[in-house]
Amino acid sequence: MLSRTADHLFWMARYMERAENTARMLDVNYQTSLLPQSADAAEKGWKGLLSISELTGDFAARYGKVTARNVMDFMVSDASNGSSIRSCLMAARENARAVRGTLTTEVWETQNQTWLEFQRMVSTGAFQKDPGSAFEWVKFRSHLSRGVTVGTMLQDEAFHFLRIGSFLERADNTARLLDVKFHAVESEYFGATQGNGNGNANASASGKDMEYDFYHWSAILRSVSGFEVYRKAYRNVIRPEKVAELLILRHDMPRSLAACMQEVVANLRMVANEQSSETLRRAGRLHSDLQYGRIDEILATGLHAYLTQFLERVGTLGVGISRDFLVPVEA
């Protein structure tokens, strides 16, 4: 396959997944902003979302004051933000158009219709009127795109590059979604009983935060379609360390880091070439760490620190995939 074709397919899938995950992160913040809390706490939540998306500077240059409305506009419909839902859906559509002959008619029509419907929704103010329903629509269109891809495309190299793009982006965004809390409260999490080294329990596990934590983690689980999965897997009250285990280490949870890396490795093997051995090794090493990891070991080093390192490794892996298979980035 031509590297340019592989590049368009890879980024089409990544941008579609990124649009969905941006909607999921916004949905978490929107739901938690409805909980009883101070204005300062609500503002920290929106600042945290910008921080983990690495968009704080860009937002400040355009909007200045951090408010729910400003952040929502910036992350949903602002064309100057390359990570906004608008920019992602447009980029996914343009990449699909560039390789129209490689895609099935159903895949192309799904991408094209999603972009056209999104434009209509923005023009009618649907995102401002009912953010929750609008975010659900974005998630549904992403589900539809993946389903049509799996259901209609030949499982050849084109299909594998689409899958690599989807799951690499999902791994990155699941880690960022988990990290929303720690950017918002500016504290580390070491587990429910872990001390802070001074003989005191960690602040994130204090009694006054327990009720807020329940609703916060419930919102995170619902945002990744994992609330019912959690209940089925653990059958007990929602505990942060169990949520972290579900979304990091459980291979049977579709949006977990472990499940994502399993798919990335499997599809990388199907398109491997003579120069991709190092990239495949890095992907396999990251998958093995998740496959044989334990949540108590992860929490012992701090969840935020672990997720930060994971994001760095995924970023390095993405650079390797681009170098080995895709169109080289011009200096």
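Structure first, text after, so check above.
Note that this is a predicted model, so its numbers are computed, not measured.

## So, the packing of helix α1 (residues 3–33) against helix α8 (residues 131–152)
- Where α1 contacts α8, the axes come no closer than 9 Å and their chain directions differ by 155°. The pairing of α1 with α8 is recorded here as roughly antiparallel in orientation. Of the two possible hands of crossing, α1 and α8 adopt the one that is left-handed. Facing M16, E17, A19, E20, A23, R24, L26, D27 and Y30 of α1, the residues of α8 in contact are P131, G132, F135, E136, V138, K139, R141, S142, H143, S145 and R146.

## Digging into the pattern of salt bridges
- Counted according to the given criterion, the structure contains 27 salt bridges.
- Here R176 makes a salt bridge to E54, at a shortest N to O gap of 3.8 Å. Of the two residues, R176 is situated in helix α9 (residues 157–185) and E54 in the loop between α2 (39–52) and α3 (56–62); the sequence distance between them amounts to 122 residues.
- Residue R176 is classed as buried on the basis of its relative accessible area of 16%.
- Notably, a salt bridge pairs D324 with R323, separated by 3.3 Å at the nearest N-O pair.
- Since its relative accessible area comes to 5%, D324 is described here as buried.
- A relative accessible area of 52% places R323 in the exposed class.
- Each of E17, E20, R24, R146, R170 and R255 takes part in a single network of salt bridges with overlapping partners.

Each value, and the rule that gives it
Residues numbered from 1 in each chain as written. Predicted model: local features only at pLDDT ≥ 70, side-chain atom pairs only at ≥ 80, totals over all residues. Heavy atoms only, no water. Axes fitted to C-alpha atoms, helices over the stretch in contact; angles between N-to-C directions. Helix = DSSP H or I, 4+ residues; strand = E, 2+ residues; numbered from the N terminus. Parallel < 35°, antiparallel > 145°, perpendicular 65-115°, else oblique. Left-handed = near helix turned anticlockwise from the far one by under 90°. Contact = heavy atoms within 4.5 Å. Salt bridge = Lys/Arg side-chain N within 4 Å of Asp/Glu carboxyl O. Buried < 20%, exposed > 50% of the residue type's maximum accessible area, 1.4 Å probe, protein only.

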